[in-house]
Amino acid sequence: MARRCQVTGVGPVSGHNISHAHNRTKRRFLPNLQKKRIWVKELNRFVTVKLTTSALRTLAKNGTGELAKLITSGKIKAR
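For the structure given in this document, a descriptive report is provided here. (Residues numbered from 1 in each chain as written. Predicted model: local features only at pLDDT ≥ 70, side-chain atom pairs only at ≥ 80, totals over all residues. Heavy atoms only, no water.)

1. Considering the packing of aromatic side chains
So, point 1. Across all of its chains, the model carries 1 aromatic pair by this definition.
So, point 2. With a centroid separation of 5.0 Å and an interplanar angle of 70°, the aromatic rings of W39 and F46 are classed as edge-to-face.
So, point 3. The class of F46 is partly exposed, set by a relative accessible area of 37%.
So, point 4. Of note, R27 hangs over the ring of F29, and the distance from its end group to the ring centre comes to 3.9 Å.
So, point 5. Between R37 and the ring centre of F46, over which it is positioned, the NZ or CZ distance is 3.9 Å. (Phe/Tyr/Trp six-rings, centres within 6.5 Å; stacked < 30°, edge-to-face > 60°. Buried < 20%, exposed > 50% of the residue type's maximum accessible area, 1.4 Å probe, protein only. Lys NZ or Arg CZ within 6 Å of the ring centre and 35° of its normal.)

2. Quick look at the side chain of K50
So, point 1. Following the sequence through the fold, K50 ends up in strand β4 (residues 45-52).
So, point 2. In this structure K50 is buried but unpaired, with E66 as the nearest side chain of opposite charge at 20 Å.
So, point 3. A polar atom in the side chain of K50 sits 2.6 Å from the backbone oxygen of A2. (Helix = DSSP H or I, 4+ residues; strand = E, 2+ residues; numbered from the N terminus. Lys, Arg positive; Asp, Glu negative; His and termini not counted. Salt bridge = Lys/Arg side-chain N within 4 Å of Asp/Glu carboxyl O. Polar contact = N/O pair within 3.5 Å; in protein donor to acceptor, adjacent residues only side chain to side chain.)

3. A few points about unusual backbone geometry
So, point 1. Look at H22: it is not a glycine, yet its phi comes out positive at around 65°.
So, point 2. Residue position: H22 is located in the loop between β1 (13-18) and β2 (24-29).
So, point 3. For N44, which is not glycine, the phi dihedral falls at a positive 60°.
So, point 4. Mapped onto the elements, N44 comes out in the loop between β3 (33-40) and β4.

4. As for the side chain of T52
So, point 1. By the element assignment, T52 lies in strand β4.
So, point 2. We classify T52 as buried; its relative accessible area is 6%.
So, point 3. Here the side chain of T52 touches S54 through a polar contact of 3.3 Å, side chain to side chain.
So, point 4. Setting aside chain neighbours within four positions, we find T52 in contact with C5, T8, V10, P31, N32 and L33. (Contact = heavy atoms within 4.5 Å.)

5. Some thoughts on helix α2 (residues 65-73)
So, point 1. Among the residues of α2, L67, A68, L70 and I71 are the ones counted as buried. Across the axial projection of α2, the buried residues extend over an arc of 165°, all falling on one side. Away from its buried face, by an angle of more than 90 degrees, α2 presents the exposed residues E66, K69 and T72.
So, point 2. In this fold, the buried residues of α2 make contact with β3, β4 and α1 (53-62).
So, point 3. Looking at the residues trailing α2, positive phi occurs at G74, about 90°. (Arc of directions from axis to C-beta.)

Here it is in structure tokens:
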């Protein structure tokens, strides 16, 4: 599975490890993804989605209306 948030689209970014001698080697910064089972009141069912923790906080604050829109439009494949 891809390491990408289903709501925000956040994925891995690249950067460098920098040693004490200032040698640079490539590395990846992975997003903090969590698989969550969320009750969507608009659809009247549970939905399992893979979210970043920041997207989970945004859903808790704003509600699950946007998540329901993404599922009904087919942009998110919910289980």
